[in-house]
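# Observations on chain architecture
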Amino acid sequence: MGQSTIHWVDEVGRGVGKVGHFLQREGLESAGGHLASFLPWYLKNRVRNVALPFEQNVWGRADGRAQMPRFITIKPTFRCNLRCGFCRYVVNGQVFGKSDYFLDNEWLDLIDEVAPHKPYISITGGEPLLYPKIGELLERIASHGLYATMVTNATLLERKAEVLMEAPPKIIQISIDGPKDTHDEMRAVDGTFEKAEAGLAKLMEIKKRKRSSSPLVVINSVISGRNYRGMPEMAKVAEKLGANVLNFQHFWFMTPSMLDAHNNQWGECFPVTEEEIGTTQTEGVNVDELWEIMKHVEKTAKIPVTFYPGLSKEELEIYYNQPEKMVRNRTPGCAWLQTAIFPNGDVSPCFDHVVGNIRDSSFMDIWQGEKFRAHRMRLAQHGAYSLCSRCCVYYRYD
């Protein structure tokens, strides 16, 4: 049997083993619930992706029009109770709430408006559990049968779990970067790990009591020079915490030269400043060592492990050692598939580039409005911005 065949058989065997582990942990009924909810979403995304090149190369170049968004990211607050050094909202002070507006009815009206188009709603921040009416927002999303996801540091989850489980998101992504000491150091607040652990335990208890298949729990661990050697241990931590999936996320970073290159080309229509979006750089990552650790974790972890973005060894070298170079040079799909909405109602498809505000105009008018279309036309005609090279949304086509 050839080596490639052996490798394929090994992969299948490991995959079957992890599926078995998932079924044992979740139970057949719960696992079936996950499959029933994810499969239509997955197929709809794949169909949309087939049409994306036409949108970009025909509509995008002509007038910047787009089909309806596949997902909308709501940031109900920039406030956060942690002080992660790699977070741009810490760098620019947004975590202290200086730009928060605390929309209430506007968020609910937004969900009512976009519901016929069936986007999924991603709720993030800041820390979304600091938003006082998070339960009402989730209930409105659920009332329309929309698919919701949430990203949280889980430190408030023990207190908020009952509210969250009244209309649970389909996926909850918990940010944990290592065992207790590593995680607390990277999040810059002592006790962070223990609070997240207690929050997850509470969530699992309610989920079991309600016999709910939602939310699927994804633990997200950011790879950096401070924690990548501990990735095997992180896999054990995620399993112990009850995660369904562990995702290792390659560090997103922004260098001063990226900002300079962007402003030199697009400063008149889309300026960015270091004070507002911050700059971060990754240091201390040995790519050869990281690659071996990734392969080891993939092979030995008892729960499914993913890496985002998924990179080959050659792409990994470029990603960490040549940050200004595009790993995959393509027209970003983000401007056609999604946008973010900030706590004050600003609609922003890219960093702090604002194309409208939902307090002043309907979302759909903004989505097909002049400023948004101009943004798409720039990307369609000239390709990715220099800012795109290490941006998480650049790699998203879901």
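The present account deals with the structure reproduced in this document. (Residues numbered from 1 in each chain as written. Predicted model: local features only at pLDDT ≥ 70, side-chain atom pairs only at ≥ 80, totals over all residues. Heavy atoms only, no water.)

### Concerning the overall build of the protein chain
A count of helices and strands for the protein chain gives 16 helices and ten strands. Accessible surface, the protein chain: about 17600 Å² in total, of which carbon and sulfur atoms supply 53%. (Helix = DSSP H or I, 4+ residues; strand = E, 2+ residues; numbered from the N terminus. Areas by Shrake-Rupley, 256 points an atom, 1.4 Å probe, with all protein chains shown as cover.)

### Observations regarding the sheet that holds strand β6 (residues 245-250)
If you walk across this open sheet you meet the ten strands as β7-β6-β5-β4-β3-β2-β1-β8-β9-β10, and the pairing is mixed. Edge positions in the sheet fall to β7 (305-308) and β10 (356-357), since each of these pairs with one other strand and no more. Pairing between strand β1 (residues 71-74) and strand β2 (residues 120-123): four bridges, direction parallel. By the bridge assignment, I72 is partnered in β2 with I121. (Pairing = 2+ DSSP bridges.)

### Let's talk about the packing of aromatic side chains
Under the criterion given, the structure shown has 14 aromatic pairs. Measuring from centroid to centroid gives 5.4 Å for F270 and Y385, while their planes differ by 75°, and the two rings are edge-to-face. Of this pair, F270 sits in the loop between α10 (256-266) and α11 (274-277) while Y385 sits in the segment after α16 (370-382), and the two are 115 residues apart along the sequence. For the pair formed by F270 and Y385, the shared burial category is buried. A centroid spacing of 5.1 Å and a plane angle of 65° characterise the contact between Y319 and Y320, whose relative ring orientation is edge-to-face. In textbook terms, an aromatic cluster arises when at least three aromatic residues are bridged by ring pairs, as seen for W252, Y308, Y319, Y320, Y394 and Y395. The ring of Y394 has R330 lying over it, and the distance from NZ or CZ to the ring centre is 5.6 Å. In this structure, R376 is placed above the aromatic ring of W367, and the distance from its NZ or CZ to the ring centre is 4.5 Å. (Phe/Tyr/Trp six-rings, centres within 6.5 Å; stacked < 30°, edge-to-face > 60°. Buried < 20%, exposed > 50% of the residue type's maximum accessible area, 1.4 Å probe, protein only. Lys NZ or Arg CZ within 6 Å of the ring centre and 35° of its normal.)

### Notes on the pattern of salt bridges
For the coordinates displayed, the defined rule picks out 14 salt bridges. In this structure, E166 and K210 form a salt bridge, with 3.9 Å as the shortest nitrogen-oxygen distance. Separated by 44 residues along the polypeptide, E166 in the loop between α6 (157-164) and β4 (171-175) and K210 in helix α8 (residues 192-210) bring together distant segments of the chain. For K210, a relative accessible area of 39% puts it in the partly exposed group. We note a salt bridge from K202 to E205, for which the minimum N-O separation is 4.0 Å. In this pair, K202 and E205 are both assigned in helix α8, three residues apart and thus about one turn of the helix distant. Looking at K202, the relative accessible area reads 28%, which means it is partly exposed. Its relative accessible area of 38% is what places E205 among the partly exposed residues. A network of salt bridges, in which partner residues are shared, links E162, K202, E205 and R209. (Salt bridge = Lys/Arg side-chain N within 4 Å of Asp/Glu carboxyl O.)

### Some remarks on the packing of α6 against α8
At a minimum axis distance of 8 Å, the contact between α6 and α8 shows a crossing angle of 25°. In this view, α6 runs roughly parallel relative to α8, as classed from their interaxial angle. Judged by the twist between their axes, the crossing of α6 over α8 is right-handed. Along the contact surface, α6 presents L157, E158, A161, E162 and L164, while α8 presents A198, G199, L200, K202, L203, I206 and R209. Looking at side-chain class alone, the contact of α6 with α8 contains seven nonpolar, one polar and four charged residues. (Axes fitted to C-alpha atoms, helices over the stretch in contact; angles between N-to-C directions. Parallel < 35°, antiparallel > 145°, perpendicular 65-115°, else oblique. Left-handed = near helix turned anticlockwise from the far one by under 90°. Contact = heavy atoms within 4.5 Å. Nonpolar A, V, L, I, M, F, W, Y, C, P; charged D, E, K, R; others polar.)

### Section: the packing of helix α9 (residues 231-241) against helix α12 (residues 287-300)
Between α9 and α12, whose axes approach to 9 Å, the crossing angle comes to 30°. If you check the angle between α9 and α12, you find them roughly parallel. You can see that α9 and α12 cross each other, and the crossing is right-handed. Contacts between α9 and α12 involve M231, P232 and A235 on the former and, on the latter, L290, I293, M294, H296 and V297. In terms of residue class, the contact of α9 with α12 is made up of seven nonpolar, one polar and no charged.

### Section: the pairing of β1
Residues F71 and T73 line one face of β1 and the alternating positions I72 and I74 line the opposite face, and both faces are buried. Direction of pairing for β1 relative to strand β8 (residues 338-341): parallel, over a ladder of four bridges. Residue pairing in the sheet places I74 in a bridge with I341 of β8.

### Some remarks on the pairing of β7
Of the two faces of β7, the one holding V305 and F307 is buried and the one holding T306 and Y308 is not buried anywhere. With four bridges connecting them, β6 and β7 associate as parallel partners. What sits directly across from Q249, in β7, is Y308.

### Quick look at a nonpolar patch on the surface
Among the surface-exposed residues, L39, Y42 and L43 lie close enough to one another that they form a single nonpolar patch of about 290 Å² accessible area. Positionally, L39 belongs in helix α2 (residues 28-62). Classification of L39 by relative accessible area gives partly exposed; the value is 45%. (Patch = residues over 30% accessible without salt bridge, like charges linked within 9 Å, V, L, I, M, F, W, Y side chains within 5 Å.)

### What to know about unusual backbone geometry
A cis amide bond, omega 15°, links G125 with the succeeding residue G126. Omega for the bond connecting Y308 with P309 falls within 30 degrees of zero, at -10°, which places this linkage in the cis form. By the secondary structure assignment, P309 is in the loop between β7 and α13 (313-321). Located in the positive-phi region is K118, a residue other than glycine, with phi close to 55°. Within the element layout of this structure, K118 appears in the loop between α4 (105-114) and β2. With a phi close to 70°, A154 is a non-glycine residue in the positive phi region. Locating A154 in the fold gives a position in the loop between β3 (148-152) and α6.

Structural measurements only, silent on function.
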